[in-house]
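Geometric and topological summary
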Amino acid sequence: LIQRDEPTAEPHLHYSKLPKKIDHKYVLLLDPMLATGGSACTAIRVLLDEGVRAERIVFLTVLSCPEGIAAVTSAHPEVTIVTCAIDDGLNDSKFIVPGVGDFGDRFFGTDDGPGA
């Protein structure tokens, strides 16, 4: 489990449990949004540390932005990224714009903002 610290926008690894012999497998790494790339790079690093070859990692996301794509491809050029859409970029709070808001809040119903 990787969670972004909202004030700093830095990822924090809270928990990792992977299948045995994952180093022999292809891995589909899923995240609904690729913003800064911090969480993606952290997850990729966990997989690499377990022996998964970078060219066997496919990162799948619904929405991304140029900054996140650049961060991941710069740190891990052998990892394949598949995204449904690329938005304009990040705002000062490191959220994708125009974006869809906080995916986790929307998914879990914890969004207290307008329209919640």
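Residues numbered from 1 in each chain as written. Predicted model: local features only at pLDDT ≥ 70, side-chain atom pairs only at ≥ 80, totals over all residues. Heavy atoms only, no water.

Here's the deal with a nonpolar patch on the surface
Heads up, the condition is: Only residues above 30% relative accessible area that lack a salt bridge enter a patch, with like-charged residues linked at up to 9 Å and the nonpolar side chains Val, Leu, Ile, Met, Phe, Trp and Tyr linked at up to 5 Å. Per-residue and other accessible areas were derived by the Shrake-Rupley procedure at a 1.4 Å probe size, with only the shown protein chains allowed to occlude residues. Whenever a carboxyl oxygen of Asp or Glu lies within 4 Å of a side-chain nitrogen of Lys or Arg, that contact is scored as a salt bridge. Here a helix means four or more residues in a row that DSSP labels H or I, a strand means two or more in a row labelled E, and each is numbered from the N terminus. Each residue gets one of three labels from its accessible area relative to the maximum for its type: buried under 20%, exposed over 50%, partly exposed in between, using a 1.4 Å probe on protein chains only.
Residues F103, F107 and F108 make up a contiguous nonpolar surface patch of about 380 Å² in total accessible area. Examined against the element boundaries, F108 turns out to sit in helix α3 (residues 103-108). By relative accessible area, which is 63% here, F108 ends up exposed.

Some points on the pairing of strand β1 (residues 2-5)
To keep things clear, this is the line we draw: Whether two strands pair comes down to DSSP finding at least two bridges between them.
By the bridge criterion, four bridges tie β1 to strand β2 (residues 10-13) in an arrangement that is antiparallel. Considered in β2, the bridge of I2 is made with L13.

Focus: the nonpolar core
Inclusion rule: In this text, buried Ala, Val, Leu, Ile, Met, Phe, Trp, Tyr and Cys residues form a nonpolar core when linked through side-chain atoms within 4.5 Å. Contacts are residue-level and defined by heavy atoms, with any inter-residue pair within 4.5 Å sufficient.
Counting 15 residues, the largest nonpolar core has L29, L47 and I57 as its most contacted members. Contributing elements (two or more residues each) for this core: β3 (27-30), α1 (38-49) and β5 (57-64). Element by element, the count of residues in this core is highest for α1, at five residues. Those residues in contact with I57 that lie beyond four places of it in its chain are V27, L29, I44, L47, L48, V52, V79 and T80. Judged by nonpolar contacts, the second largest core, of five residues, contains M33, A35, C65 and I96.

Observations regarding α1
Definition in use: Here the expected span of a helix is defined as 1.5 Å times the quantity of residues minus one.
Relative to the 16 Å expected for 12 residues at 1.5 Å per residue, α1 spans 16 Å between its end C-alpha atoms, a close match to the ideal helical length. The set of residues buried in α1 consists of G38, A40, C41, A43, I44, V46 and L47. Those residues of α1 hidden inside the fold are in contact with β1, β2, β3, β4 (33-34), β5 and α2 (66-75). Immediately beyond the C-terminal end of α1, within one or two residues, lies G51, with a positive phi of roughly 95°.

Quick notes on the packing of aromatic side chains
Put simply, the rule is: Paired rings are identified among Phe, Tyr and Trp, the last through its six-membered ring, by centres lying within 6.5 Å, and are further divided according to the angle between planes into stacked (under 30 degrees), edge-to-face (over 60) and tilted (the rest). Here, a charge over a ring is recorded when the distance from Lys NZ or Arg CZ to the ring centre is within 6 Å and its angle to the ring normal is within 35 degrees.
Enumeration according to the criterion identifies zero aromatic pairs in this entry. Of note, R4 hangs over the ring of F95, and the distance from its end group to the ring centre comes to 4.8 Å.

Details of the confidence of the model for the protein
Stated precisely, the cut-off is as follows: Confidence of the predictor in every single residue is expressed as pLDDT, which spans 0 to 100.
The share of residues in the protein with pLDDT of 70 or more is 96%, and the mean pLDDT across the chain is 90. Of all the helices and strands in the protein, α3 carries the lowest mean pLDDT, 72, while α2 carries the highest, 98.

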